[in-house]
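Now for the letters of each chain:
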Amino acid sequence: MTRIAYLGPAGTFTEQATQQWAPEHAADAWPAPSVPAAIAALREGRVDAAVVPFENSVEGSVPATLQALLEGGDDDGVRITAEVHVEVQFSLLVRPGTQLEDVSTVASHPHAFAQTRDWLTTHLPTAQQVPEASTARAAQAVGEGLYDAAVAAPGAADAYGLVPAVEHVADREGAVTRFVVLRAAHEVPAPTGSDRTTLVALIWQNKPGALLELLEQFATRGIDLSRLESRPTGGGLGEYCFWIDADAHLAEARMREALTGLRRTCRGVRFLGSYPRADGRPAAVPAHADDEAYAEAQRWVETLTGG
Ligand SMILES: O=C(O)C(=O)C[C@]1(C(=O)O)C=C[C@@H](O)C=C1
């Protein structure tokens, strides 16, 4: 039995991701009130896995998740072990009988507001927007009479006795949110040939070429990057760290070499996991960068002293 924490309450997109990832355990999963609470439950051993939102194809990364992951210090053993993609659709949910013209307060998750901004500006220009911890928490609060409407997943309506006033309120159809499954104790799943590694690198400030040097660690080893994002460290204006998704696995020689290069040249490196890609796209490994090429080169170096 795998005990899972997810960003709750019931009816979030994160719950959908949990059902997709572990259908057999999802019914018993714990709906955490926030992303930090889900990750804290994992760190404290109260659950075996935590499912949290990571980034969205329209609005980008989820700051609460990135921040909570970094709070683990140098290495608390928390690892991303899987990713799940969920297509997100939004409805405007209300209590039965509420008309659109009666709506003066709308609640939702900030990422959901960002994805329905144009619709809300056009159709509810004077309504007050209230951020909540999740879309389902917003729907629950509407059910409790705290707000008039919630922007949430269509499926959240049933859980809280609501009905859709309007369906499909997203500004862009086909948006996808990427969720990650976290586990503790340094767990790294075996390579599959379609893997990603997530890292955070802190470069030396005011060092010309520091970012180029960071990128070179991957480029010279034939590793494709699928994501590179600079985010403030919180330590002062102008202090940034880089979030990196690299298309390679820790078990591969090219990735291990890149990590040693980062360790030597950066101010700090945080390894957050190697795990299978949700889309299953096979990694393109140049011939000069596969494990055999590294092994052959190593054997050659050893012959140089006549050994
Ligand atoms: O509030 C939810 O339902 C969530 O699962 C969180 C979340 C997010 O953090 O981006 C997930 C998907 C949507 O993009 C909006 C909200």
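One numbering rule holds for all chains: residues counted from 1, following each sequence as written. Owing to the predicted nature of the model, reporting of local features is limited to residues with pLDDT of at least 70; listing and counting of side-chain atom pairs is limited to 80 or more, with chain, interface and lining totals taken over all residues. Water and hydrogen atoms were dropped before computing side-chain values, which therefore reflect all heavy atoms in the structure.

The name given to the protein chain in an unreviewed UniProt entry is Prephenate dehydratase, with the source organism recorded as Ornithinimicrobium pekingense. UniProt positions are given in the numbering used here, feature names are shortened, and annotations may be inferred rather than shown by experiment. The annotation that UniProt attaches to the protein chain under Catalytic activity (unreviewed entry) is "prephenate + H(+) = 3-phenylpyruvate + CO2 + H2O". Here is the UniProt Pathway (unreviewed entry) comment for the protein chain, exactly as written: "Amino-acid biosynthesis; L-phenylalanine biosynthesis; phenylpyruvate from prephenate: step 1/1."

### Looking at the environment of V200
Numbering goes from the N terminus for both helices and strands, where a helix is a DSSP run of H or I of at least four residues and a strand is a run of E of at least two. Residue placement: V200 occurs in strand β12 (residues 195-202). Here V200 falls in the buried class, since its relative accessible area comes to 5%. For the pair V200 and E229, spaced 29 residues apart in sequence, the C-alpha separation works out to 9.4 Å. In what follows, a contact means two residues having at least one pair of non-hydrogen atoms within 4.5 Å. Setting aside chain neighbours within four positions, we find V200 in contact with L70, C241, F242, W243, G268, V269, R270 and L272. Summary of the burial criterion: residues with accessible area below 20% of their type's maximum are buried, those above 50% are exposed, and those between are partly exposed, where the area comes from a 1.4 Å probe applied to protein chains only.

### Points about the pattern of salt bridges
Here a salt bridge means any side-chain nitrogen of Lys or Arg lying within 4 Å of a carboxyl oxygen belonging to Asp or Glu. This model, assessed by the stated rule, comprises 23 salt bridges. In this structure, R196 engages D247 in a salt bridge whose closest nitrogen and oxygen atoms are separated by 3.9 Å. With R196 in strand β12 and D247 in the loop between β14 (240-246) and α9 (253-265), this residue pair connects regions lying 51 residues apart in the sequence. Owing to a relative accessible area of 7%, R196 belongs among the buried residues under this scheme. Overall, the relative accessible area of 7% leaves D247 in the buried class. A salt bridge links D247 to R281, with the shortest nitrogen-to-oxygen separation between them at 3.8 Å.

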